[in-house]
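Structure assessment
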Amino acid sequence: MHQPVISGTGVFTPEEVITNDELVVAFNAYADKFNAAHADEIAAGEVAEVPQSSSAFIFAASGIERRHVMNKSGILDPDRMYPTLRQRSDDEPGIMAEMALDACHKALAQAGKTAADVDAVIVAASNLERAYPAIAIEVQDLLGIEGFGFDLNVACSSATFGIQAASDMVRAGSAKAILVVNPEVTSGHLEWRDRDCHFIFGDVCTATLIERKEDVSGPHFEVVSTKCLTKFSNNIRNNNGFLRRNRPDGVADRRDMQFMQNGRKVFKEVLPIVSKHILSHLEDAGHSADELKRLWLHQANKAMNDFIGKKVLGRVPEAGEQPNILQEYANTSSAGSIIAFSQYSEDIEDGELGLICSFGAGYSVGSVLLRRVAP
Ligand code: COA
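Attention in this report is confined to the structure presented alongside it. Predicted model only: the values in this text are computed from it and were never measured. (Residues numbered from 1 in each chain as written. Predicted model: local features only at pLDDT ≥ 70, side-chain atom pairs only at ≥ 80, totals over all residues. Heavy atoms only, no water.)

1. Here's the deal with the overall build of the protein chain
Keep this limit in mind: Counting from the N terminus, the helices are DSSP H or I runs at least four residues long and the strands are E runs at least two residues long. The rule is simple: take the accessible area with a 1.4 Å probe, protein chains only, and divide by the maximum for that residue type; under 20% is buried, over 50% is exposed, in between is partly exposed. Residue contacts follow a heavy-atom distance rule, with two residues in contact if any of their heavy atoms lie within 4.5 Å. Method for areas: the Shrake-Rupley scheme with a 1.4 Å probe, in which residue coverage is limited to the protein chains shown. All tallies of charge rest on Lys and Arg as positive and Asp and Glu as negative; His and the ends of each chain are not included. For charged residues, the charge sits on one atom: NZ in Lys, CZ in Arg, CG in Asp, CD in Glu.
Each helix and strand counted, the protein chain has eleven helices and 13 strands in total. For the C-alpha atoms alone, the extent of the protein chain along its principal axes is close to 70 × 55 × 35 Å. Counting across all 375 residues of the protein chain, residues that qualify as buried make up 52%. Pairs at least 24 apart in sequence give 77% of the contacts found in the protein chain among residues at least 6 apart. Accessible surface, the protein chain as shown: approximately 16,600 Å² in total, 51% of it carbon and sulfur. In the protein chain, 36 side chains carry a positive charge and 51 a negative one; their mean positions are 5 Å apart.

As structure tokens, this is what we get:
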């Protein structure tokens, strides 16, 4: 058996940024146009008027201030309201693979390794741009990795489920170094015309290198243990998939072909599952919450993270104990907790413990307990 460790992480951040104010201006222009075009049906009560959005609401409800996206102009065009992403030929890298490469190179550089040291790639993300071949195999090919790759999707929990799979494979010896990559083009599956959720997501890609401890000489985090849980719920759902072609009712304007959620229910139902999950993971591992130096939580909503931190630690978390990155990135699905880990882990000292936890559709929760080794 080998001890798995995290030796490097990398974050690809798209250059284009949309502030809440820019988003709201575009949404309200779309709403005005829609309401003018449907004035008669709205007056007759046949069509619901689209209400205006507000930056103040968005910040108060979520803590989000801006988001990075792969294409801004299409999202902010009131006549379009979704990103303009060029259809690529099969002979060029896909958008997810391109984002993945940048994040992987950064993770490898941090670990002081090259692709020759890696023998597997797991692409773990909420939505995959095609059914097959796996995005992971394309990333493997572009990096020149000898070995294997596969894709995995557990929505916002994909990264931690991927880290569990990679850690178990390293521990068992079926691979010696694995890149777990989370390319999230959330802007492609968000309904930007729905006021209740148009502000929620942003695009990003993260990568985490999991290796055998004996192959690592620099600072790293030992994977002490992992724990995953799923429980079926329809409260976060996206029905888009290949079977849509068999449906007679068309695709273009079907609301269920994009991200849908019952946000209030999610908020209420997921919080107790997550805090219980973290506490039982710590207990299984023979540790307690007061030993945790840091919580790197999924980044969906600031109030949610505040609640989970308080429930797990039994007190209001101190500044820095539970870093948020969603003011800058919004919800980046599976990548959020890994961005937080990547940006806020340098100061953890030798021997100290921290825990990554992601949660979301499924429902699903995944947690990774880490111990810092700083030789
Ligand atoms: N601008 C202005 N007002 C808005 C608005 C917007 N963009 N969106 C909604 N509102 C209004 C609503 O219509 C509602 O009005 P009402 O009280 O008159 O009915 C009011 O603001 C409150 O809306 P609600 O949806 O209940 O807000 P909320 O405080 O629950 O926050 C979420 C919404 C989505 C941010 C919150 O529920 C949440 O974070 N849920 C969990 C999300 C999550 O983790 N999802 C997982 C995805 S991976």
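What follows picks up the thread again.
2. Concerning the environment of G74
Tracing the backbone through its elements, the reader meets G74 in helix α4 (residues 73-76). Residue classification places G74 among the buried residues on the basis of a relative accessible area of 2%. For the pair G74 and T84, spaced ten residues apart in sequence, the C-alpha separation works out to 5.0 Å. Once you skip the residues sitting within four places of it in the chain, G74 turns out to touch R80, M81, Y82, P83 and T84.

3. Quick notes on the site of the ligand
Filter applied, for reference: Nearness here has a simple test: a residue counts as near a molecule or strand if at least one of its heavy atoms is within 4 Å of that partner. Two N or O atoms count as a polar contact when they lie within 3.5 Å, although within protein this holds only if one can serve as hydrogen donor and the other as acceptor, and sequence-adjacent residues are included solely when both atoms are side-chain atoms.
The ligand sits among 19 residues. The nearest are C156, R195, Q261, R264 and N301. In this structure, S53 approaches the ligand through a side-chain N or O atom, which is 2.9 Å from a nitrogen atom. Within the side chain of N301, one N or O atom sits 2.7 Å away from an oxygen atom of the ligand. When isolated, the ligand has an accessible area of 960 Å², and the protein chains bury 71% of it. Secondary-structure elements contributing two or more residues to the shell around the ligand are α3 (55-62) and α8 (263-284).

4. A short note on the packing of helix α5 (residues 95-111) against helix α6 (residues 135-143)
Spelled out, the test is: Lines fitted to C-alpha atoms define the axes here, with helix axes fitted over just the stretch in contact, and angles between the N-to-C directions of these axes take values from 0 to 180 degrees. Angle categories are assigned with fixed cut-offs, so that under 35 degrees is roughly parallel, over 145 is roughly antiparallel, 65 to 115 is roughly perpendicular, and the rest are oblique. Handedness of each helix crossing follows the sense of rotation of the near helix against the far helix: counterclockwise by less than a right angle gives left-handed, clockwise gives right-handed. Gly counts as polar in this scheme, as do all residues outside two lists: the nonpolar Ala, Val, Leu, Ile, Met, Phe, Trp, Tyr, Cys and Pro, and the charged Asp, Glu, Lys and Arg.
Contact pair α5 / α6: the axes reach a minimum separation of 10 Å and the direction vectors enclose 55°. With respect to each other, α5 and α6 are oriented oblique. In this structure, α5 meets α6 at a crossing whose hand is right-handed. Contact with α5, carried on its side by M96, A97, A100, L101, C104 and H105, involves I135, E138, V139, L142 and L143 of α6 and no other residues of that element. Class assignment of the residues belonging to the contact of α5 with α6 gives a composition of nine nonpolar, one polar and one charged.

5. Examining the packing of aromatic side chains
One pair of aromatic rings is described through two measures. These are the centre distance and the angle between the planes. Quick reminder of the rule: Pairing of aromatic side chains here covers Phe, Tyr and the six-membered ring of Trp, requires ring centres within 6.5 Å, and sorts the geometry by plane angle: under 30 degrees stacked, over 60 edge-to-face, intermediate tilted.
Counted by the stated rule, this structure contains eight aromatic pairs. The interplanar angle of 80° and the centroid separation of 6.1 Å between the aromatic rings of F57 and F199 together place this pair among those described as edge-to-face. One end of the pair, F57, is in helix α3; the other, F199, is in the loop between β6 (177-184) and β7 (204-212), and 142 residues separate them in sequence. Geometrically, the ring pair formed by F221 and F341 is edge-to-face, given 5.1 Å between the ring centres and 65° between the ring planes. Here F221 is found in strand β8 (residues 220-230), whereas its partner F341 is found in helix α11 (residues 336-343), with 120 residues between them in sequence. Across this residue pair, the class does not change: F221 and F341 are buried. Every member of this aromatic cluster is reached through a ring pair, and the members are F27, Y30 and F34.

6. Thoughts on the pattern of salt bridges
Side-chain pairs of opposite charge can arise where the charged atoms are in close proximity. Here is the rule: A carboxyl oxygen of Asp or Glu within 4 Å of a side-chain nitrogen of Lys or Arg is what we treat as a salt bridge.
Taken as a whole and judged by the stated rule, the model has 20 salt bridges. The closest approach of N and O atoms between R130 and E138, which form a salt bridge, is 2.9 Å. In the salt-bridge network here, residues are joined through shared partners; they are E65, R66 and E328.

7. Things to note about the side chain of N71
The residue N71 is located in the loop between β3 (66-69) and α4 in this model. For N71, a relative accessible area of 10% corresponds to the buried category. A polar atom in the side chain of N71 sits 3.2 Å from the side chain of S73. A distance of 2.8 Å separates a polar side-chain atom of N71 from the backbone nitrogen of T84. Beyond its immediate stretch of four places on either side in the chain, N71 contacts E16, P83, T84 and L85.

8. Here we look at the layout of surface pockets
If you roll a probe as big as a water molecule over the atoms, it shows you where there is empty space left. To keep things clear, this is the line we draw: Definitions used throughout: a 1 Å grid over protein atoms alone; a cavity as a set of points that fits a 1.4 Å probe which cannot get out; a pocket as an open set with protein on both sides within 12 Å along at least five of seven lines; a lining residue as one with an atom within 4 Å of a point. Grid points are joined across faces, edges and corners, and a volume is the space filled by probe spheres set on the points.
The calculated volume of the second largest pocket comes to roughly 260 Å³. Listed by contribution, the elements that provide at least two residues to the lining of the second largest pocket are β1 (4-12), α5, β8 and α11. With four residues, β1 is the largest single contributor of residues to the lining of the second largest pocket. Across the lining of the second largest pocket, the residue classes tally to six nonpolar, nine polar and five charged.

9. Considerations on the environment of M169
Mapped onto the secondary structure, M169 falls in helix α7 (residues 158-172). Not counting residues up to four positions away in its chain, the partners in contact with M169 are I122, F148, F150, S174, A175 and I178.

10. Looking at helix α9 (residues 302-313)
Spelled out, the test is: Expected helix span is given by 1.5 Å per residue-to-residue step, counting one fewer step than there are residues. The arc in question is formed by the directions pointing from the helix axis toward the C-beta atoms.
For α9, which comprises twelve residues, the first-to-last C-alpha distance of 16 Å matches the rise-based estimate of 16 Å (1.5 Å per residue) to within 8%. Among all positions of α9, only M304, N305, I308, G309, V312 and L313 are buried. Along the axis of α9, the buried residues cluster in a sector spanning 140°; they form a single face. On its buried face, α9 is in contact with α8, β11 (292-297) and β12 (353-360). By the N-cap criterion, in which a side-chain oxygen at the helix start approaches the backbone nitrogen of a residue two or three places on, α9 is capped by N301, the distance to A303 being 2.8 Å. Trailing α9 by a residue or two, G314 shows a phi angle of about 75°, which is positive.

By themselves, these figures tell us nothing about what the structure is for.
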